[in-house]
Amino acid sequence: MTPERKIPERRSRKARRTRDTLAQAAFELVLDRGLRNVTVEEIAEAADVDRRTFSRYFTSKEAAALDSLRGDGDRINAALRARPAPEPPLLAYRRAVLDWLADPGAEPWHRRPRIFDLLVVAEEEPTLYAVFHHIRVDAQEDSVAIVADRLGVDPRQDIRPAVTVAAGAGALLAAQAAWVRGGRPDALPALVAEAFDALSADLLGEPRPAPEHRRGAPEQHPGTTSTTSTTEEAEGTEATP
């Protein structure tokens, strides 16, 4: 490696460390004191940099506080690229999300300290939620490109990749909302699976029996049949390990 190449790489590592330090400071301050009680100047001071340095990396305190979530879309998309080609797109998206949730090395939300608390705050603070929405949209754009590549189509001409990702991301968002409102940090994987089951069964077929934690709801009317179809059956494929 030439000395000329080492210098940019060293600068890149230093920039990454600075960004991570600012993001961690914002994350902790927002959770400890509340979004409205934290200023950009205080985040910069906690990271031992000045305001101008903060502005080189982030446009707002909200963007800094949520920066740790940006990589999760990349991890889901990496899992989506790795799914077997024959899988139907929505099933591949579902399994990519569940692969991410099951991988301790990927630090999914329910395994990462205080992410649950951060998303609770995001549900309550409109400006924080707006930034979270933009992070999701960026990840979904990449997902659409991946699904289009799997189908061998141009996403500008074929609507199926966008519909697939909108449906899958909507299921994940519904599960995330139920998760933060339910107060059980360990429940996310089960809620994600339930959301995808609802997408493929309840909304596209006959109603399923209520999950165990919702037993006691009104019974089905006489003559109504419930389905036991799994997501894989509803999408016409066999489950893979």
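One can find the structure itself at the top, above this paragraph.
This text gives an overview of the structure that appears in the document. (Residues numbered from 1 in each chain as written. Predicted model: local features only at pLDDT ≥ 70, side-chain atom pairs only at ≥ 80, totals over all residues. Heavy atoms only, no water.)

The number of helices and strands found in the protein is 11 helices and 0 strands. Taken from the N to the C terminus, the helices and strands of the protein come in the order α-α-α-α-α-α-α-α-α-α-α. For the protein, buried positions account for 41% of its 241 residues. By sequence separation, contacts in the protein at least 24 residues apart represent 61% of the contacts at least 6 residues apart. As displayed, the protein has an accessible area near 13900 Å², and 52% of this comes from carbon and sulfur atoms. (Helix = DSSP H or I, 4+ residues; strand = E, 2+ residues; numbered from the N terminus. Buried < 20%, exposed > 50% of the residue type's maximum accessible area, 1.4 Å probe, protein only. Contact = heavy atoms within 4.5 Å. Areas by Shrake-Rupley, 256 points an atom, 1.4 Å probe, with all protein chains shown as cover.)

Scanning all chains against the criterion turns up 7 aromatic pairs. Relative to Phe196, the ring of Tyr93 lies with its centre 6.5 Å away and its plane at 40°, an arrangement referred to as tilted. Of the two residues, Tyr93 is situated in helix α6 (residues 89-102) and Phe196 in helix α10 (residues 188-202); the sequence distance between them amounts to 103 residues. By relative accessible area, Tyr93 is classed as buried at 4%. Residue class for Phe196 comes out buried when judged on its relative accessible area of 2%. (Phe/Tyr/Trp six-rings, centres within 6.5 Å; stacked < 30°, edge-to-face > 60°.)

With that out of the way, let us pick up unusual backbone geometry. Positioned with a positive phi, Asp48 is a non-glycine residue whose angle comes to about 65°. Counting through the fold element by element, Asp48 comes out in the loop between α2 (40-46) and α3 (51-57). Accessibility expressed as a relative area gives 71% for Asp48, which makes it exposed.

Overall, the coordinates contain 17 salt bridges when judged by the stated rule. Arg75 is the salt-bridge partner of Asp72, the closest N and O atoms lying 3.0 Å from each other. Placement of the pair is Asp72 and Arg75 together in helix α5 (residues 67-82), with a separation of 3 residues, close to one helical turn. Assessed through its relative accessible area of 33%, Arg75 is described here as partly exposed. Across the salt bridge formed by Arg160 and Asp158, the nearest N and O atoms sit 2.7 Å from each other. The class for Asp158 is buried, based on a relative accessible area of 18%. (Salt bridge = Lys/Arg side-chain N within 4 Å of Asp/Glu carboxyl O.)

Before going further, it helps to examine a positive patch on the surface. A contiguous patch of positive charge on the surface is contributed by Arg10, Arg11, Arg13, Lys14 and Arg17. Owing to a relative accessible area of 47%, Arg10 belongs among the partly exposed residues under this scheme. (Patch = residues over 30% accessible without salt bridge, like charges linked within 9 Å, V, L, I, M, F, W, Y side chains within 5 Å. Lys, Arg positive; Asp, Glu negative; His and termini not counted. Charge placed at Lys NZ, Arg CZ, Asp CG, Glu CD.)

On to the packing of α5 against helix α8 (residues 126-151), then. The N-to-C vectors of α5 and α8 enclose an angle of 15°; their axes lie 9 Å apart at closest approach. Relative to α8, the element α5 lies roughly parallel. The two elements α5 and α8 cross, and the hand of that crossing is right-handed. Of the residues in α8, those touching α5 at Leu69, Arg70, Gly73, Asn77, Leu80 and Arg81 are Phe132, Ile135, Asp138, Ala139, Asp142, Ser143, Ile146, Val147 and Arg150. By residue class, the composition of the contact of α5 with α8 is 7 nonpolar, 3 polar and 5 charged. (Axes fitted to C-alpha atoms, helices over the stretch in contact; angles between N-to-C directions. Parallel < 35°, antiparallel > 145°, perpendicular 65-115°, else oblique. Left-handed = near helix turned anticlockwise from the far one by under 90°. Nonpolar A, V, L, I, M, F, W, Y, C, P; charged D, E, K, R; others polar.)

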